[in-house]
Number of protein chains: 2
Amino acid sequence: MTDPTPTRQGADIRTPESALAAFCHAALSAVGADEATAETGMRAMLHASRIGVDSHGVRLLPHYVRVIESGRVNGRAVPTVARNFGATALVDGDHGLGARVTYFAMDKAMELARTHGVGAVSIRRSSHFAAAGAYAMHAAEAGLIGLCTGNSDSIVRLHEGAKRFHGTNPIAVGVPVEGERPWLFDMATSAIPFNRVHLYRSLGMELPPEVASDADGNPTTDAATAIMLAPLGGAYGYKGAGLAGVAEILSAALTGMRISVEILPMIGEDMSTPRELGAFVLALEPAAFVERSVFDDTIRRYVRAVREGPAIPGGKVLAPGDREWAVEEERRRAGIPLDPETLTAFETIAARFGLDMPARC
Amino acid sequence: MTDPTPTRQGADIRTPESALAAFCHAALSAVGADEATAETGMRAMLHASRIGVDSHGVRLLPHYVRVIESGRVNGRAVPTVARNFGATALVDGDHGLGARVTYFAMDKAMELARTHGVGAVSIRRSSHFAAAGAYAMHAAEAGLIGLCTGNSDSIVRLHEGAKRFHGTNPIAVGVPVEGERPWLFDMATSAIPFNRVHLYRSLGMELPPEVASDADGNPTTDAATAIMLAPLGGAYGYKGAGLAGVAEILSAALTGMRISVEILPMIGEDMSTPRELGAFVLALEPAAFVERSVFDDTIRRYVRAVREGPAIPGGKVLAPGDREWAVEEERRRAGIPLDPETLTAFETIAARFGLDMPARC
């Protein structure tokens, strides 16, 4: 996920990945999460922080601590396969942390894919799962094609719609590239994420056209009055809305969970009732379809062709994930940055639970 | 597929669907297609013509007649399951008409989905398959969720790219809605289809911003100099390019077929060498995941919520397919319109093969 977006200025405070991982794990454990929840929660957040998707990284830790404490999320959930038919399964998340439940479901999908060539798993009674790309990546790192999607509370209008309807309903696909980091595509089906609106607001900048709407659904570039997002596609927003619908159908209808307009907001008055989120993951074993070498050669040829460009002046042609792996490389050397708000929240958590703050680089 | 696009003016010549279907079938048969090819070719074209996706409808008939005659497409192809592993298959299209091969592959995916809950089928040695939605629709009409995607010759630049790279690489998903026509979503991963550029050219109109580029890859609104399309998403075109990449990977890498930049153009000097197109279809049996009534209730609730709007002034909120079913209804009454160019091509075909022209309404 990359966005043509300005970045917030400020002191560049950085911590080594290992210190940040240890802090996330300790904080989740301190609030009562079991080992599997602390480990997967940490893993999903670090996936995003490592590659620069900071909106879905460790800044979620204070939220996860809060919802485990308030009872919305079960920190000791035991996800189970509630139903298994052939190459499919329905996973019951036991109201666990989205990361715990979704890694469990993707592991199941991968197991099914190894046996049947494909595994499709719908997920019920889950919660916020951070970046969908974490789970697509999980499959890709094991040599499979992975897909992950989910729905979430209403924030995106329909095409020509005047109210918040879909969530940002992400779709992520990860594909193994032999000898390299995966091809990793992770997109929101909205034109932009809502935290971009917050960012433009705080920077006093105008939004790009056709990405957000005011309370009446009319397009606005004024970040201060924008209260909903446009679906991806601008004048062709029926495409983004349709993609959001695919996420919705796979996540809610294959599970009996809530559709976006029925989902409790991520932050609201009620922080203790489980949100009953659905989600969907799918894994494909390339070698079921063709010789592995045929698959690997085609992927390599494709990725190489993408990177060959050429680009327009000032532009750069990248394969999905390329920007992320460059960030990962830089952050491995220089550490992962913490924004001031997250740093303050971490200090509160550290004080409350008697934890050491993560070391700085 | 709906587009905020002006329509070409002209005499409104209409034919009843049945007459048009009979003409397509007869023309394909006359040029040597076997019954299965004539029937499926006709069915795919009529799917699009019936619902107003005229770019992928019967205007393709002269092209299909030509490529069967020239040998690029095998009009008597015998598609086979070249490989079957668990819930997956690789279909070999025997260089047949895309419609013949893709209906065959979707039938296989549906059979696998009934046995395993999901069926994933990659397709090799196929050809142009008209609208991807035809095959998604085929699954939805049988009560399954269907997905169809394919890649095609280069016409869409990459995000910030300066040359034609991906094809318009469509993604279509069809979902059964109990007691109604399906939820049917069929999108190109380009900002617009290229025939829109032709249309704007002939109307002397300016293109919308950020949908097409000139020979150097720079965005242009001048339809006369536009020679490539932008990926869906404008400033966020990495999303459209990534979606095109998903189509590319499923179609080419799971089959060993060509990536977009390697595919012979649809119209070019060489009309006799098979194009070796790949494609990919997937079917899901909802009842494998949840009770059918849970699925049906959720879909109905979702579709109803979409249609409730509200819309912005002058807008209208539709579920994917709604506009198409309205067109279908109108065309059932008033007939299917034929543009002057297609009418002329039909007259040539009728004269050559001694066929009666389809009756007019």
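Structure shown above.
This text gives an overview of the structure that appears in the document.

Conventions we followed
Residues numbered from 1 in each chain as written. Chains lettered and ligands numbered in written order. Predicted model: local features only at pLDDT ≥ 70, side-chain atom pairs only at ≥ 80, totals over all residues. Heavy atoms only, no water. Contact = heavy atoms within 4.5 Å. Buried area = accessible area lost by both parts, 1.4 Å probe. Salt bridge = Lys/Arg side-chain N within 4 Å of Asp/Glu carboxyl O. Helix = DSSP H or I, 4+ residues; strand = E, 2+ residues; numbered from the N terminus. Nonpolar A, V, L, I, M, F, W, Y, C, P; charged D, E, K, R; others polar. Polar contact = N/O pair within 3.5 Å; in protein donor to acceptor, adjacent residues only side chain to side chain. Core = buried A, V, L, I, M, F, W, Y, C linked by side-chain atoms within 4.5 Å. Buried < 20%, exposed > 50% of the residue type's maximum accessible area, 1.4 Å probe, protein only. Least-squares fit on C-alpha atoms with pLDDT ≥ 70 in both. Pairing = 2+ DSSP bridges. Axes fitted to C-alpha atoms, helices over the stretch in contact; angles between N-to-C directions. Expected span 1.5 Å × (residues − 1).

## Some points on the interface of chain A and chain B
Thought 1: Contacts between the two partners involve 91 residues from chain A, matched on the other side by 91 residues from chain B.
Thought 2: Each partner contributes to the roughly 6900 Å² buried at the junction of chain A and chain B, and carbon and sulfur atoms together form 70% of this total.
Thought 3: The largest contributions to the chain A side of the interface with chain B come from Tyr236, Lys239 and Phe289 of chain A, which together make up 11% of the buried area.
Thought 4: Taken together, the connections running from chain A to chain B amount to 4 salt bridges.
Thought 5: Residue Arg301 of chain A is joined to Glu262 of chain B by a salt bridge in which the shortest nitrogen-to-oxygen separation is 2.5 Å.
Thought 6: Top element by residues in the side of chain A that touches chain B is helix H7 (residues 237-253) of chain A. It accounts for 11 residues.
Thought 7: Partitioned by chemical class, the residues of the side of chain A that touches chain B number 57 nonpolar, 21 polar and 13 charged.

## Here we look at the side chain of Asp153 of chain A
Thought 1: Looking at the secondary structure, you find Asp153 of chain A in the loop between strand E5 (145-150) and strand E6 (156-157).
Thought 2: Looking at Asp153 of chain A, its side chain comes within polar contact range of the side chain of Arg275 of chain A, at 2.8 Å.

## Focus: the nonpolar core
Thought 1: With 76 residues, the main nonpolar core has Ile145, Trp183 and Leu284 of chain A together with Ile145, Trp183 and Leu284 of chain B as its most contacted residues.
Thought 2: One finds Ile13, Val101, Leu343 and Phe346 of chain B within the second-largest nonpolar core, a separate group that totals 64 residues.

## Some details on the relation of the copies chain A and chain B
Thought 1: Note on the identical chains: chain A maps onto chain B by a rotation of 180 degrees and an axial translation of 0.0 Å, with an RMSD of 0.0 Å. Accordingly, the operation relating the two chain copies is best matched by a two-fold axis. Among all residues of chain A, the minimum C-alpha distance to the rotation axis is found for Gly233 of chain A, at 2.4 Å.

## With respect to the sheet that holds strand E12 (residues 277-284) of chain A
All names here are of chain A.
Thought 1: The mixed open sheet is built from 7 strands, whose spatial order is E2-E3-E4-E12-E5-E8-E9. This sheet does not close on itself; its edge strands, each paired only once, are strand E2 (80-85) and strand E9 (183-187). Across this sheet, the average inter-strand angle for adjacent strands is 15 degrees, counted without regard to direction.
Thought 2: Pairing between strand E8 (residues 171-175) and E9: 5 bridges, direction antiparallel. In the strand pairing of E9, Val173 is matched with Phe185.
Thought 3: Along the sheet, helix H4 (residues 98-116) contacts E2, strand E3 (88-92), strand E4 (118-126), E5 and E12; its crossing angle with E4, the most-contacted strand, is approximately 160 degrees.

## A short note on H7 of chain A
Thought 1: If you check H7 of chain A, its first and last C-alpha atoms are 23 Å apart, about what 17 residues at 1.5 Å a residue would give, namely 24 Å.
Thought 2: For H7 of chain A, the buried fraction is high: 17 of the 17 residues fall into the buried class.

## Considering the pattern of salt bridges
All names here are of chain B.
Thought 1: Throughout the structure, instances matching the rule amount to 47 salt bridges over all chains.
Thought 2: A salt bridge links Arg181 to Glu141; the shortest N-O distance between them is 3.7 Å. Of this pair, Arg181 sits in the loop between strand E8 (171-175) and strand E9 (183-187) while Glu141 sits in helix H5 (residues 133-141), and the two are 40 residues apart along the sequence.
Thought 3: Note that Glu329 and Arg333 form a salt bridge whose closest N and O atoms lie 4.0 Å from each other. Here the residue Glu329 and the residue Arg333 both occupy positions in helix H10 (residues 322-334), the gap between them amounting to 4 residues, near one helical turn.
Thought 4: Among the charged side chains, a salt-bridge network with shared partners connects Glu141, Arg181, Glu328, Glu329, Arg332 and Arg333.

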